[in-house]
Amino acid sequence: MNRTLESAIRFVNLTASGLLAGSLGFGEAALVPGWRDELPHEDPEPFAANYFNAIGPVALATAVTLAVGTRGVRPTRRILDAATAVGLAGVLAATVMVTVPINKELEAQGPTDYPSERSQSLTRNWRVTHKVRTTLGIGAFVCAVVSNLTSKS
C-alpha cells in the first residue's frame, strides 16, 4: 500500500474511531449497527441514522485494513493497528450481541411499578457491558492515535 493511500485510510480510521469512542463515552447511543434498538421508540431522522450505522463498521474496516495491509512499518505500529481492530471488533460485538438484546427484552417486559429481579439483573448486565465496550472503544481510539504518532519506519 502506498503512503498516500495509507495516510487517507489512517485519517478515516482515526476520525471514525474518535466518533465511535465519543458516542460511547459521552453520547446517548453507540454509533454502530443496532444502536437505534438501544433507544426508546423515538425514531431518529432516517437519513442520518444510516450514516450513524456506518461509523462503527467503517472504523473497524479501516483498522483491519491497516493491521493487515501495511507493509514496511515498525512492529510497534502494526501491533497498535491490530489492537485498534480488536478493540473496535469488541465494541461492535458487545453492542450487537449483548446490549441490543438486553434492551429488547427490557422493552418487551413493559413498564412496571416495581422492578423484577430479572429486570434488575438485565440492567446490571447492560451497565457492565456498556462500561466494557466504552473502555474498548476509547482504548481503540488511543491505540489509533498512538499508531498515527509513531514514526513510519
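So, a few notes on the structure that sits alongside this text. (Residues numbered from 1 in each chain as written. Predicted model: local features only at pLDDT ≥ 70, side-chain atom pairs only at ≥ 80, totals over all residues. Heavy atoms only, no water.)

## Focus: the environment of arginine 133
Here is step 1: Following the sequence through the fold, arginine 133 ends up in helix 4 (residues 117-149).
Here is step 2: The spacing of arginine 133 and alanine 89 is 44 residues in sequence and 9.7 Å in space, taken between C-alpha atoms.
Here is step 3: A distance of 2.7 Å separates polar atoms of two side chains, one belonging to arginine 133 and the other to threonine 95. (Helix = DSSP H or I, 4+ residues; strand = E, 2+ residues; numbered from the N terminus. Polar contact = N/O pair within 3.5 Å; in protein donor to acceptor, adjacent residues only side chain to side chain.)

## Let's talk about the packing of helix 3 (residues 75-109) against helix 4
Here is step 1: Packing of helix 3 against helix 4 leaves a shortest axis separation of 8 Å and a crossing angle of 160°. What the angle tells us is that helix 3 and helix 4 run roughly antiparallel. For the crossing formed where helix 3 meets helix 4, the hand is left-handed.
Here is step 2: Classifying every residue of the contact of helix 3 with helix 4 gives 15 nonpolar, 14 polar and five charged. (Axes fitted to C-alpha atoms, helices over the stretch in contact; angles between N-to-C directions. Parallel < 35°, antiparallel > 145°, perpendicular 65-115°, else oblique. Left-handed = near helix turned anticlockwise from the far one by under 90°. Nonpolar A, V, L, I, M, F, W, Y, C, P; charged D, E, K, R; others polar.)

## Examining the environment of aspartate 81
Here is step 1: Topologically, aspartate 81 is positioned in helix 3.
Here is step 2: The sequence separation of aspartate 81 and valine 146 amounts to 65 residues, and the corresponding C-alpha distance is 9.4 Å.
Here is step 3: If sequence neighbours within four positions are ignored, aspartate 81 has contacts with Arg10, Ala63, Leu66, Ala67, Thr70 and Ser147.
Here is step 4: Side chain to side chain, aspartate 81 and arginine 10 meet in a polar contact 2.9 Å long. (Contact = heavy atoms within 4.5 Å.)

## Brief notes about the environment of alanine 16
Here is step 1: With respect to the element layout, alanine 16 can be found in helix 1 (residues 3-26).
Here is step 2: Along the backbone, alanine 16 and phenylalanine 141 are 125 residues apart, and their C-alpha atoms lie at a distance of 8.9 Å.
Here is step 3: Not counting residues within four places of it along the chain, the set of residues in contact with alanine 16 comprises Ile55, Val58 and Ala59.

## Observations concerning helix 3
Here is step 1: Compared with an ideal rise of 1.5 Å per residue, which puts 35 residues at 51 Å, helix 3 spans 50 Å between its outermost C-alpha atoms and is within 8% of the ideal.
Here is step 2: At threonine 95, helix 3 shows its largest bend, some 35°.
Here is step 3: Positive backbone phi, at 75°, marks glycine 110, one or two positions downstream of helix 3. (Expected span 1.5 Å × (residues − 1). Bend = angle between axes of the 7 residues up to and from the residue.)

## Details of the pattern of salt bridges
Here is step 1: Tallying each qualifying case throughout the model produces four salt bridges.
Here is step 2: A salt bridge links glutamate 6 to arginine 10; the nearest nitrogen and oxygen atoms lie 3.0 Å apart. Residue glutamate 6 and its partner arginine 10 are located together in helix 1, separated by four residues, close to a single helical turn.
Here is step 3: In this structure, arginine 77 engages glutamate 6 in a salt bridge whose closest nitrogen and oxygen atoms are separated by 3.8 Å. Taken together, the positions of arginine 77 in helix 3 and glutamate 6 in helix 1 put the pair 71 residues apart, joining distant regions of the chain.
Here is step 4: A relative accessible area of 2% places arginine 77 in the buried class.
Here is step 5: Each of Glu6, Arg10, Arg77 and Asp81 takes part in a single network of salt bridges with overlapping partners. (Salt bridge = Lys/Arg side-chain N within 4 Å of Asp/Glu carboxyl O. Buried < 20%, exposed > 50% of the residue type's maximum accessible area, 1.4 Å probe, protein only.)

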